[in-house]
Amino acid sequence: MVLYAADQGEYGKRLVVLTKECGKVTMFANNARKPKNPLVSACRIFAMGSFTVKRGRDSYTLYSADISERFAGLELDMEKFCHASYFCEFMSYYTHEGEYSKDMLNLLYLAIKAVEKGEPELNLVRRVFELKTMTFAGEGPNVSGCVSCGLKDAGAWFSVNKGGVLCDACGRLAKDAVRISPTVAYTLKYIASSPLTALFGFALKSDAMDEFERICDAFVKRYVDREFKSLAILSGIV
Ligand SMILES: [Zn+2]
(Lines give C-alpha, C1' and ligand atoms only; values in the text may rest on other atoms or scores of the structure.)
Protein backbone atom coordinates (compact mmCIF):
# COMPACT_ATOMS: atom_id res chain seq x y z
CA MET A 1 0.00 0.00 0.00
CA VAL A 2 1.24 3.48 -0.86
CA LEU A 3 1.87 5.38 2.39
CA TYR A 4 3.14 8.52 0.78
CA ALA A 5 3.40 9.94 -2.73
CA ALA A 6 5.22 13.10 -3.81
CA ASP A 7 6.19 14.70 -7.09
CA GLN A 8 9.74 13.99 -8.16
CA GLY A 9 11.50 15.97 -10.89
CA GLU A 10 9.58 17.11 -13.94
CA TYR A 11 7.28 14.11 -14.52
CA GLY A 12 8.08 11.53 -11.87
CA LYS A 13 6.74 10.42 -8.52
CA ARG A 14 8.48 9.24 -5.39
CA LEU A 15 6.50 6.68 -3.41
CA VAL A 16 6.88 5.17 0.02
CA VAL A 17 5.20 1.77 -0.13
CA LEU A 18 4.55 -0.71 2.67
CA THR A 19 5.06 -4.22 1.29
CA LYS A 20 4.36 -7.61 2.83
CA GLU A 21 7.72 -9.10 1.84
CA CYS A 22 10.20 -6.23 2.19
CA GLY A 23 8.66 -3.79 4.65
CA LYS A 24 8.73 -0.08 3.87
CA VAL A 25 10.29 0.62 0.49
CA THR A 26 10.96 3.86 -1.39
CA MET A 27 10.40 3.63 -5.13
CA PHE A 28 10.51 6.00 -8.06
CA ALA A 29 7.97 6.04 -10.84
CA ASN A 30 9.51 7.86 -13.79
CA ASN A 31 7.11 9.72 -16.07
CA ALA A 32 4.14 8.80 -13.87
CA ARG A 33 2.79 12.34 -14.15
CA LYS A 34 2.72 12.32 -17.95
CA PRO A 35 -0.81 12.11 -19.35
CA LYS A 36 -2.10 8.56 -19.91
CA ASN A 37 0.82 7.00 -18.07
CA PRO A 38 -0.35 3.59 -16.78
CA LEU A 39 1.29 4.18 -13.39
CA VAL A 40 -0.98 7.14 -12.52
CA SER A 41 -3.42 5.13 -10.41
CA ALA A 42 -0.59 3.42 -8.50
CA CYS A 43 1.01 6.71 -7.53
CA ARG A 44 -1.61 7.86 -5.05
CA ILE A 45 -1.75 7.49 -1.30
CA PHE A 46 -3.75 4.37 -0.22
CA ALA A 47 -3.28 2.59 -3.60
CA MET A 48 -2.97 -1.11 -2.86
CA GLY A 49 -2.05 -4.03 -5.09
CA SER A 50 1.02 -5.68 -6.53
CA PHE A 51 3.95 -3.56 -7.61
CA THR A 52 6.65 -4.73 -10.03
CA VAL A 53 9.95 -3.00 -9.34
CA LYS A 54 13.54 -3.17 -10.40
CA ARG A 55 16.18 -2.78 -7.77
CA GLY A 56 18.87 -0.22 -8.53
CA ARG A 57 22.01 0.51 -6.55
CA ASP A 58 20.18 2.41 -3.83
CA SER A 59 16.56 2.67 -4.86
CA TYR A 60 13.73 0.85 -6.59
CA THR A 61 12.11 1.81 -9.86
CA LEU A 62 8.44 1.03 -10.35
CA TYR A 63 7.69 -0.61 -13.72
CA SER A 64 4.11 -1.74 -13.46
CA ALA A 65 1.38 -2.08 -10.89
CA ASP A 66 -1.86 -3.96 -10.58
CA ILE A 67 -4.05 -1.90 -8.23
CA SER A 68 -6.84 -3.81 -6.49
CA GLU A 69 -7.96 -1.21 -3.93
CA ARG A 70 -7.78 2.59 -3.97
CA PHE A 71 -10.13 3.64 -1.15
CA ALA A 72 -11.45 6.26 -3.55
CA GLY A 73 -14.42 7.07 -1.27
CA LEU A 74 -12.07 8.64 1.28
CA GLU A 75 -11.42 11.59 -0.98
CA LEU A 76 -15.02 12.72 -0.54
CA ASP A 77 -14.78 13.00 3.24
CA MET A 78 -12.07 15.24 4.70
CA GLU A 79 -12.25 13.77 8.20
CA LYS A 80 -11.96 10.20 6.95
CA PHE A 81 -9.22 11.13 4.51
CA CYS A 82 -7.19 12.79 7.30
CA HIS A 83 -7.61 9.78 9.60
CA ALA A 84 -6.42 7.39 6.90
CA SER A 85 -3.50 9.70 6.03
CA TYR A 86 -2.51 9.80 9.67
CA PHE A 87 -2.59 5.99 9.82
CA CYS A 88 -0.19 5.86 6.87
CA GLU A 89 2.15 8.34 8.54
CA PHE A 90 1.98 6.51 11.87
CA MET A 91 2.63 3.18 10.13
CA SER A 92 5.55 4.68 8.23
CA TYR A 93 7.14 5.64 11.56
CA TYR A 94 6.90 2.05 12.81
CA THR A 95 8.04 0.13 9.72
CA HIS A 96 11.43 -0.29 8.08
CA GLU A 97 12.95 -1.64 4.91
CA GLY A 98 13.80 -5.32 4.89
CA GLU A 99 11.30 -6.41 7.56
CA TYR A 100 8.56 -8.91 6.76
CA SER A 101 5.47 -6.77 7.39
CA LYS A 102 2.38 -8.85 6.66
CA ASP A 103 0.70 -8.13 10.02
CA MET A 104 1.39 -4.39 9.82
CA LEU A 105 0.03 -4.24 6.28
CA ASN A 106 -3.12 -6.18 7.20
CA LEU A 107 -3.64 -3.94 10.22
CA LEU A 108 -3.35 -0.82 8.09
CA TYR A 109 -5.72 -2.23 5.48
CA LEU A 110 -8.37 -3.18 8.06
CA ALA A 111 -8.06 0.14 9.89
CA ILE A 112 -8.56 2.12 6.68
CA LYS A 113 -11.47 -0.15 5.73
CA ALA A 114 -13.07 0.66 9.10
CA VAL A 115 -12.49 4.38 8.50
CA GLU A 116 -14.08 4.13 5.05
CA LYS A 117 -17.09 2.37 6.54
CA GLY A 118 -17.27 4.81 9.45
CA GLU A 119 -17.75 1.96 11.92
CA PRO A 120 -16.84 1.88 14.74
CA GLU A 121 -16.49 5.63 15.29
CA LEU A 122 -13.28 7.16 13.93
CA ASN A 123 -11.97 8.17 17.37
CA LEU A 124 -12.05 4.54 18.43
CA VAL A 125 -10.58 3.16 15.20
CA ARG A 126 -7.70 5.58 15.60
CA ARG A 127 -6.82 4.53 19.18
CA VAL A 128 -7.16 0.83 18.44
CA PHE A 129 -4.95 1.24 15.38
CA GLU A 130 -2.30 3.17 17.33
CA LEU A 131 -2.13 0.65 20.18
CA LYS A 132 -2.08 -2.41 17.90
CA THR A 133 0.67 -0.93 15.71
CA MET A 134 2.73 -0.24 18.83
CA THR A 135 2.00 -3.76 20.11
CA PHE A 136 3.24 -5.31 16.85
CA ALA A 137 6.35 -3.14 17.12
CA GLY A 138 6.92 -4.44 20.67
CA GLU A 139 6.14 -1.04 22.19
CA GLY A 140 2.51 -1.46 23.19
CA PRO A 141 1.20 -1.22 26.75
CA ASN A 142 1.98 -4.20 28.95
CA VAL A 143 -1.37 -5.65 29.94
CA SER A 144 -0.58 -9.28 30.71
CA GLY A 145 0.03 -8.58 34.43
CA CYS A 146 1.10 -5.90 36.88
CA VAL A 147 4.15 -4.10 35.43
CA SER A 148 5.62 -3.65 38.91
CA CYS A 149 5.16 -6.98 40.70
CA GLY A 150 4.01 -9.33 37.93
CA LEU A 151 0.72 -10.24 39.59
CA LYS A 152 -1.45 -11.84 36.91
CA ASP A 153 -4.83 -10.53 38.00
CA ALA A 154 -4.00 -6.85 37.53
CA GLY A 155 -5.76 -4.04 35.72
CA ALA A 156 -7.26 -1.70 38.28
CA TRP A 157 -4.66 0.98 37.54
CA PHE A 158 -2.67 2.20 34.55
CA SER A 159 0.68 3.95 34.59
CA VAL A 160 1.91 5.62 31.41
CA ASN A 161 5.45 5.98 32.77
CA LYS A 162 5.65 2.32 33.76
CA GLY A 163 4.06 1.37 30.43
CA GLY A 164 1.07 -0.71 31.46
CA VAL A 165 -1.42 -1.94 34.02
CA LEU A 166 -0.81 -2.28 37.75
CA CYS A 167 -2.40 -4.27 40.55
CA ASP A 168 -4.23 -2.44 43.28
CA ALA A 169 -1.31 -2.39 45.75
CA CYS A 170 1.29 -1.18 43.19
CA GLY A 171 -1.19 1.28 41.65
CA ARG A 172 -1.62 3.08 44.94
CA LEU A 173 2.15 3.58 45.17
CA ALA A 174 2.92 4.66 41.59
CA LYS A 175 2.84 8.45 41.31
CA ASP A 176 1.41 8.79 37.82
CA ALA A 177 -0.99 5.81 38.00
CA VAL A 178 -4.67 6.39 37.34
CA ARG A 179 -7.56 4.11 38.22
CA ILE A 180 -9.17 2.52 35.19
CA SER A 181 -12.59 0.97 34.80
CA PRO A 182 -12.99 -2.77 34.15
CA THR A 183 -14.25 -1.90 30.64
CA VAL A 184 -11.08 -0.02 29.76
CA ALA A 185 -8.87 -2.69 31.33
CA TYR A 186 -10.68 -5.32 29.25
CA THR A 187 -10.42 -3.16 26.10
CA LEU A 188 -6.66 -2.79 26.51
CA LYS A 189 -6.27 -6.57 26.89
CA TYR A 190 -8.60 -7.21 23.98
CA ILE A 191 -6.55 -4.99 21.65
CA ALA A 192 -3.31 -6.68 22.66
CA SER A 193 -4.59 -10.21 22.08
CA SER A 194 -7.43 -10.01 19.55
CA PRO A 195 -6.87 -11.34 16.03
CA LEU A 196 -6.87 -8.59 13.40
CA THR A 197 -10.18 -9.67 11.91
CA ALA A 198 -12.00 -8.97 15.21
CA LEU A 199 -10.05 -5.85 16.14
CA PHE A 200 -12.48 -3.22 14.87
CA GLY A 201 -15.65 -5.11 15.69
CA PHE A 202 -16.56 -3.47 19.00
CA ALA A 203 -17.81 -0.13 20.28
CA LEU A 204 -17.50 1.73 23.60
CA LYS A 205 -20.06 3.82 25.44
CA SER A 206 -19.12 7.48 25.72
CA ASP A 207 -17.80 7.40 29.34
CA ALA A 208 -15.55 4.44 28.63
CA MET A 209 -14.52 5.99 25.31
CA ASP A 210 -13.43 9.24 27.02
CA GLU A 211 -11.39 7.30 29.55
CA PHE A 212 -9.88 5.00 26.91
CA GLU A 213 -9.00 7.98 24.72
CA ARG A 214 -7.22 9.77 27.60
CA ILE A 215 -5.13 6.69 28.41
CA CYS A 216 -4.21 6.06 24.76
CA ASP A 217 -3.36 9.65 24.01
CA ALA A 218 -1.11 9.93 27.07
CA PHE A 219 0.58 6.63 26.15
CA VAL A 220 1.18 7.60 22.50
CA LYS A 221 2.43 11.05 23.52
CA ARG A 222 4.89 9.51 25.99
CA TYR A 223 6.35 6.84 23.68
CA VAL A 224 6.04 8.13 20.12
CA ASP A 225 8.83 10.56 19.49
CA ARG A 226 7.42 12.27 16.41
CA GLU A 227 5.07 15.08 15.46
CA PHE A 228 2.72 13.89 12.71
CA LYS A 229 1.78 16.44 10.06
CA SER A 230 -1.51 14.70 9.28
CA LEU A 231 -2.44 14.68 12.96
CA ALA A 232 -1.97 18.45 13.16
CA ILE A 233 -4.31 18.81 10.17
CA LEU A 234 -6.77 16.38 11.75
CA SER A 235 -6.89 18.33 15.01
CA GLY A 236 -7.62 21.43 12.96
CA ILE A 237 -10.71 19.96 11.30
CA VAL A 238 -12.45 18.01 14.07
ZN1 LIG B 1 1.64 -5.13 41.45
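Source: prediction; values computed, not measured. (Residues numbered from 1 in each chain as written. Predicted model: local features only at pLDDT ≥ 70, side-chain atom pairs only at ≥ 80, totals over all residues.)

## Examining the nonpolar core
- By size, the foremost hydrophobic cluster in this structure holds 69 residues, and its most contacted members are Phe-46, Leu-62, Phe-87 and Ala-111.
- For this core, the two domains that each supply at least three residues are domain 1 (2–69) and domain 2 (72–237). (Core = buried A, V, L, I, M, F, W, Y, C linked by C-beta atoms within 7 Å. Buried ≥ 20, exposed ≤ 12 C-beta atoms within 10 Å, placed from the backbone. Domains from an automatic or database assignment.)

## Notes on the sheet that holds strand E5 (residues 60–69)
- The strand order E1-E2-E3-E5-E4 describes an open sheet built from five strands, whose pairing is mixed. Of all strands in the sheet, those bounded by a partner on one side alone are strand E1 (2–8) and strand E4 (48–55). Averaged over all pairs of adjacent strands, the angle between their axes in this sheet comes to 30°, without regard to strand direction.
- As paired strands, E4 and E5 are joined by eight bridges and run antiparallel to one another. (Pairing = 2+ DSSP bridges. Helix = DSSP H or I, 4+ residues; strand = E, 2+ residues; numbered from the N terminus. Axes fitted to C-alpha atoms, helices over the stretch in contact; angles between N-to-C directions.)

## Structural notes on the packing of helix H3 (residues 122–136) against helix H6 (residues 206–223)
- Interaxial distance between H3 and H6 falls to 10 Å at its minimum, and their mutual angle equals 40°. When the interaxial angle is binned, H3 and H6 end up oblique. In terms of crossing hand, the pair formed by H3 and H6 is left-handed. Along its contact with H3, which presents Asn-123, Leu-124, Arg-127, Glu-130 and Leu-131, the element H6 presents Met-209, Phe-212, Glu-213, Cys-216 and Val-220.
- Grouping the amino acids of the contact of H3 with H6 by side-chain chemistry returns six nonpolar, one polar and three charged. (Parallel < 35°, antiparallel > 145°, perpendicular 65-115°, else oblique. Left-handed = near helix turned anticlockwise from the far one by under 90°. Contact = placed C-beta atoms within 7 Å. Nonpolar A, V, L, I, M, F, W, Y, C, P; charged D, E, K, R; others polar.)

## Brief notes about H6
- Helix length check: H6, at 18 residues, gives a terminal C-alpha distance of 26 Å against a target of 26 Å (1.5 Å per residue), a fit within 8%.
- Within H6 the residues assigned to the buried category are Phe-212, Ile-215, Cys-216 and Phe-219. One side of H6 carries all its buried residues, which in axial view fall inside an arc of 95°. Residues Ser-206, Asp-207 and Lys-221 are exposed on H6 and point more than 90 degrees away from its buried face. (Expected span 1.5 Å × (residues − 1). Arc of directions from axis to C-beta.)

## Description of the domain arrangement of the protein
- Once the domains are mapped, the protein shows domain 1 (2–69) and domain 2 (72–237).
- Measuring from the centre of the C-alpha atoms in domain 1 to the corresponding centre in domain 2 gives 29 Å.
- Between domain 1 and domain 2, the contact holds 14 residues from the first and 19 residues from the second.
- Going through the elements one at a time, E1, strand E2 (12–19) and strand E3 (23–29) are the ones with two or more residues in the side of domain 1 that touches domain 2.

## Describing the environment of Arg-126
- As for its placement among the helices and strands, Arg-126 is situated in helix H3.
- A count of 23 C-beta atoms within 10 Å places Arg-126 in the buried class.
- In this structure the C-alpha to C-alpha distance between Arg-126 and Ala-84, which are 42 residues apart in sequence, comes to 9.0 Å.

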